[in-house]
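Single-letter residue listing:
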Amino acid sequence: MNNAVNDGVWSGSWVAERLGVRLVGDDELTEMLGLALRRNPKRAHLLVSNVLGKHVPQSPSVVYGAGFALGRRVRELLGADEAARAVVLGYAETATGLGHSVADGIGLAPYLHSTRRPVAGVARAGGFEESHSHATSHLLLPEDPALLVGDGPLVLVDDEFSTGNTVLNTIRDLHERYPRRRYVVVALVDMRSAADAGRLEEFAREIGARVDLVAAASGTVRLPEGVLEKGQALVARYEAESAARGRVSSAAPSGLVAQFPAPLKQGVAAPSSEEATESIEADVHDHPLGARGTARPAPTGPHPDDEPTAPHVTRVDLFWPQGLPDGGRHGFTPAHRARLENALPAMAARLAEALPESARRVHVLGFEELMYAPLRLARELEQSAEGVEVRYSTTTRSPVLAVDDPGYAIRTRLVFPAHDDPADGPGERYAYNVAGAGFDAVIAVVDSTADTPELHAPEGLLAQLAAHAPHVLLAVVPSYVPGPLAIPERPSMLPEPLRGPAFSSYAPEEVGWLLQDLSDVTLEAPTEEREEAIQSGGAHYAESLPVEYQPSEQYQELFQAALAESAARLAQAAGAVTEIVLAERSPRPVLVSLARAGTPVGVLMRRWAQFRHGLELPHYAVSIVRGRGIDANALRYLAAHHDPRDVVFVDGWTGKGAITRELTAAIGEFEASDGITGFDPEIAVLADPGSCVRTYGTRDDYLIPSACLNSTVSGLISRTVLRADLVGPHDYHGAKFYRELAGADVSVAFLDAVSARFPEVVDAVDATAKELLSGDREPTWEGWAAVERISEEYGIHDVNLVKPGVGETTRVLLRRVPWKILARAGAGADLDHVRLLAEQRGVPVEEVAELPYTCVGLIHPKYTRGATGADGRAVNV
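Cut-offs applied
- Residues numbered from 1 in each chain as written.
- Predicted model: local features only at pLDDT ≥ 70, side-chain atom pairs only at ≥ 80, totals over all residues.
- Heavy atoms only, no water.
- Helix = DSSP H or I, 4+ residues; strand = E, 2+ residues; numbered from the N terminus.
- Contact = heavy atoms within 4.5 Å.
- Areas by Shrake-Rupley, 256 points an atom, 1.4 Å probe, with all protein chains shown as cover.
- Expected span 1.5 Å × (residues − 1).
- Buried < 20%, exposed > 50% of the residue type's maximum accessible area, 1.4 Å probe, protein only.
- Arc of directions from axis to C-beta.
- Polar contact = N/O pair within 3.5 Å; in protein donor to acceptor, adjacent residues only side chain to side chain.
- Pairing = 2+ DSSP bridges.
- Axes fitted to C-alpha atoms, helices over the stretch in contact; angles between N-to-C directions.
- Salt bridge = Lys/Arg side-chain N within 4 Å of Asp/Glu carboxyl O.
- Core = buried A, V, L, I, M, F, W, Y, C linked by side-chain atoms within 4.5 Å.
- pLDDT = per-residue confidence, 0-100.

### Here we look at the overall build of the protein
- The helix and strand inventory of the protein stands at 22 helices and 35 strands.
- Counting only contacts in the protein whose residues sit at least 6 apart along the sequence, the fraction spanning at least 24 positions is 77%.
- Of the roughly 33,000 Å² that the protein leaves accessible, carbon and sulfur atoms contribute 50%.

Here is the structure:
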């Protein structure tokens, strides 16, 4: 285990030699535990865990794995049926992350941890005292009191099981209120004496319940007579020598941190064992109780770290899922666990992108009771960031002496003021073994209650970290505040958008997908079968997916040539439509792409806004299905997070305007059903050859290379799916992430090729936008008229089977059963890929002199697998 043994020296030897303390038991004890000193009238020594992630920085995989393995052992002990009915309770502050990891190992168990932070409006469901702690009162504040009701096993988790008093107090309090038949006590180490071991069994008989114990290692601490007095004397000597010699300068060259707390100034060097010069902090209880109050909300307006006197800190927005608890203070259910697992890859990716490229040793620092969320983020970062060594620990309320000696568990200490307005008044807080550890970057993870001016003050935690690490990042997790319990007509908190790299190959900030992931569902069907089912009325096109077209080498070469040829033209159109949106629709629009063709365009618009105006626009992708409307749950999410008046729907291009009409009707229906107004159904598009919208970059019908391919140019995301057995009334529409096609993915390459041309088209964009803004852009719907004419002229009698424009024609060739292609006479390179696809599928290309589009794709009318259409007209079958 890391930090258990330094150069062959056990990290408890310093205390053992001076106080005569001995650890006796399993061989693993000295690997798992070190020793330190603290001023505490009840216990002088402190067992310092090397696998807990509290005082000693450790690999997050080791920390999480230790708790998860204990959870698996509990599951085996209980059996599957009992484990499914269990509830896990962890102890604040030290074991909140350990208990949560144990709950994960059990699998289906909800989790709750005790807390020392009262929350206004949340009733206390229980409490107990921790006899040996420097801070004793534990509160139980479940959002749903029913969490503690039931006869399933209650699993109690602490880092160490020493006397058993804390556990007995807990069970006694809870058993009187919510009696159960079985309890399981879980700890990393069981350090009870022989006398204490018998007390648990006696207590179990007294209450008439079974109590089991699961621990990773066991033993006991042998304390010589008078050890408490000797420890207090040792601490007193340090204090006296410190007073005689004075404080060490905060600019100490060692970069290590002193252990004394007052006055609250920059941390300084910890003493070596030879010097023995510094004092231990006063216990938290030495401070009189301050004014009691509720948790302070996150400050608004400019952050204190923007002030000249504050350290430079990079703030990272995690996009933490809305409504997801930050931990187990108010309960954490299996459904919460699933949401977190889904969101973790994208959040860790945001942290990784914010780190400097030179960072090779990174520390993730959690905050007191907020242990689990930082742990999971650190573990995800450790697993995904190549070449980066990640360590994890958290800050703490516990004052411990720091001694810079390899035989002592607490080598350095940072001291800073509490920054979450604690109920027991102001006081010092600590971060151990972080200073002097050589970290290239430290990521501090706090909840929003703790994101206060004290955190950002010159003597605050961030300043202390900045003095000992070249890069400091701050990630704030929203503090979860329970609302009134009710059964809503629909879930009040819709899932957060999916983001890359967990879903799509786009960077997480480029787009959030308001979709559900159906990657594990088989939805593909042969094109001919789909066409027959769709045209016969046996299925809707959105109920299945076509088999993904895999382009030939020749076709890929055409795509690359088309991209090189049209990149500047695309950049100009993307810039022009963005400028129109900013000028007419909203100064800070929320871009909402219609998945999937609109998504690359939405990303390009977002990139232009950042390039030209420094704006970081929100961007989402939502599903709209012809004949079924837009995803109403996606609209509900947008309305809950943004002003609907700022939402701008984005698509790639218009054909005959069917989706424009669909969106207008769907928004009207949504307003009637939900009473939410403000969404503007007009779509912003890159190209509007059908003259269907007012907001566009061009009305030319030319090749947009993103239309040439399917998922491999759209973030590896499938077309959206809407099927009753997969998408419930409270679910987002679905889509698949084709991870297996990563080798052929050109999604980001397409975006980069276009946005690389932004600097050279600035003047052209300005001129185009000025011309469009001053001109007549009213839709003429000439495209729709042309489609109706073609439908009748060719005996099709169904406008849905006529797909006008280069983009729509390409889709016909890739995803449907094409009948023929109409090409404008003289059309050039823009149709090279269309001609190649048509040749590959044996589809005739007919040149037409008078055609408002560059080309039109005709889907085989009234298709069955026996139809041929050999005479050039619709076949009656």
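Back to the write-up after that little detour.
### Some points on unusual backbone geometry
- Cis peptide bonds are those with omega within 30 degrees of zero, and the linkage from A92 to E93 qualifies with -5 degrees.
- Structurally, E93 can be placed in the loop between β6 (87-90) and α5 (96-106).
- Here G500 and P501 are connected by a cis peptide whose omega angle stands at 5 degrees.
- Mapping P501 onto the fold places it in the loop between β19 (471-477) and β20 (512-513).
- Unusually for a residue other than glycine, E368 sits at a positive phi of about 45 degrees.

### Some remarks on helix α20 (residues 782-793)
- The first and last C-alpha atoms of α20 sit 16 Å apart over 12 residues, in line with the 16 Å expected at 1.5 Å per residue.
- Of all the positions in α20, only G783, W784, A786, V787, I790 and S791 are classed as buried. Buried residues of α20, seen end-on, are gathered within an arc of 160 degrees and therefore sit on one face of the element.
- Those residues of α20 hidden inside the fold are in contact with α17 (658-674), β32 (802-804), β33 (818-824) and β35 (855-859).
- G795 sits one or two positions beyond α20 and adopts a positive phi of about 65 degrees.

### Observations regarding the environment of T115
- By the secondary structure assignment, T115 is in the loop between β7 (111-113) and β8 (126-129).
- For T115 and E369, which are 254 residues apart along the polypeptide, the C-alpha to C-alpha distance reads 7.5 Å.
- Sequence-distant contacts of T115, that is, excluding residues within four places in its chain, are made with A92, S137, H138, L139, L141, R329 and E369.
- A polar contact is formed between the side chain of T115 and the backbone nitrogen of R117, at a distance of 3.0 Å.
- Of the polar contacts made by the side chain of T115, one reaches the side chain of E369; its length is 2.8 Å.

### A word on the sheet that holds strand β15 (residues 389-394)
- If you walk across this open sheet you meet the 5 strands as β13-β19-β18-β14-β15, and the pairing is parallel. Only two strands of the sheet have a single partner each, and these edge strands are β13 (314-316) and β15. Neighbour to neighbour, the strand axes of the sheet diverge by 25 degrees on average, direction disregarded.
- Relative to β19, β13 runs parallel, the two being bridged by 3 bridges. Among the inter-strand pairings, R315 is bridged to a residue of β19, identified as L474.
- With respect to the sheet, helix α10 (residues 372-384) is in contact with β14 (361-366), β15 and β18 (441-447), its orientation differing from that of β15 by roughly 175 degrees.

### Topic: the side chain of S504
- Note that S504 resides in the loop between β19 and β20.
- Looking at S504, its side chain comes within polar contact range of the main-chain nitrogen of Y506, at 3.3 Å.
- Polar side-chain contacts of S504 include one of 3.2 Å to the side chain of W513.
- Not counting chain neighbours up to four residues away, the residues in contact with S504 comprise W513, G715, I717 and F737.

### Some remarks on the pattern of salt bridges
- Counted under the stated rule, the structure contains 36 salt bridges.
- Residue R210 is joined to D212 by a salt bridge in which the shortest nitrogen-to-oxygen separation is 2.9 Å.
- Using a relative accessible area of 44% as the deciding quantity, one classes R210 as partly exposed.
- In this structure, the salt-bridge partner of R585 is D680, at a minimum N-O distance of 3.6 Å. Residue R585 is found in helix α14 (residues 553-585), and its partner D680 is found in the loop between α17 and β29 (683-687); the two are separated by 95 residues along the sequence.

### Observations regarding helix α3 (residues 60-78)
- Between its first and last C-alpha atoms α3 spans 27 Å; for 19 residues at 1.5 Å apiece the expected length is 27 Å, and the two agree.
- Those residues of α3 lying buried are P60, V63, Y64, G67, L70, G71, V74 and L78. Each buried residue of α3 lies within a common arc of 125 degrees when the element is viewed along its axis, so the set occupies one face.
- G79, located one to two residues past α3, shows a positive phi value of around 85 degrees.

### Some words on the nonpolar core
- Membership of the largest hydrophobic core comes to 134 residues, with the highest contact counts inside it found for V155, V186, Y408, I443 and L465.
- Of the residues forming this core, the biggest block, 7 residues, is contributed by strand β11 (residues 182-190).
- When residues no more than four places from it in sequence are discounted, the contact partners of V155 are V74, A86, V87, V88, L89, I106, V184 and V186.
- In this structure, L582, V648, V721 and L722 belong to the second largest nonpolar core, which totals 57 residues.

### Some words on the sheet that holds strand β28 (residues 647-653)
- Taken in spatial order, the 6 strands line up as β20-β25-β24-β28-β29-β30 in an open sheet, and their pairing is parallel. Each edge of the open sheet carries a strand with a single partner, namely β20 and β30 (695-698).
- Alignment of β29 against β30, held across 3 bridges, turns out to be parallel. Looking across to β30, one finds that A684 is bridged to T695.

### So, the confidence of the model for the protein
- Averaged over the protein, the pLDDT score is 81; the fraction of residues at 70 or greater is 82%.
- A low-confidence stretch, residues 864-877 (pLDDT under 50), is modelled with 26 contacts involving residues beyond four sequence positions or located in other chains.

### A word on the environment of L52
- Mapped onto the elements of the fold, L52 is located in the loop between β5 (45-49) and α3.
- With relative accessibility at 5%, the residue L52 sits in the buried group.
- The sequence separation of L52 and V62 amounts to 10 residues, and the corresponding C-alpha distance is 8.7 Å.
- Other than its neighbours up to four places away in sequence, L52 contacts V63, T94, L98, D159, L188, M371 and Y392.

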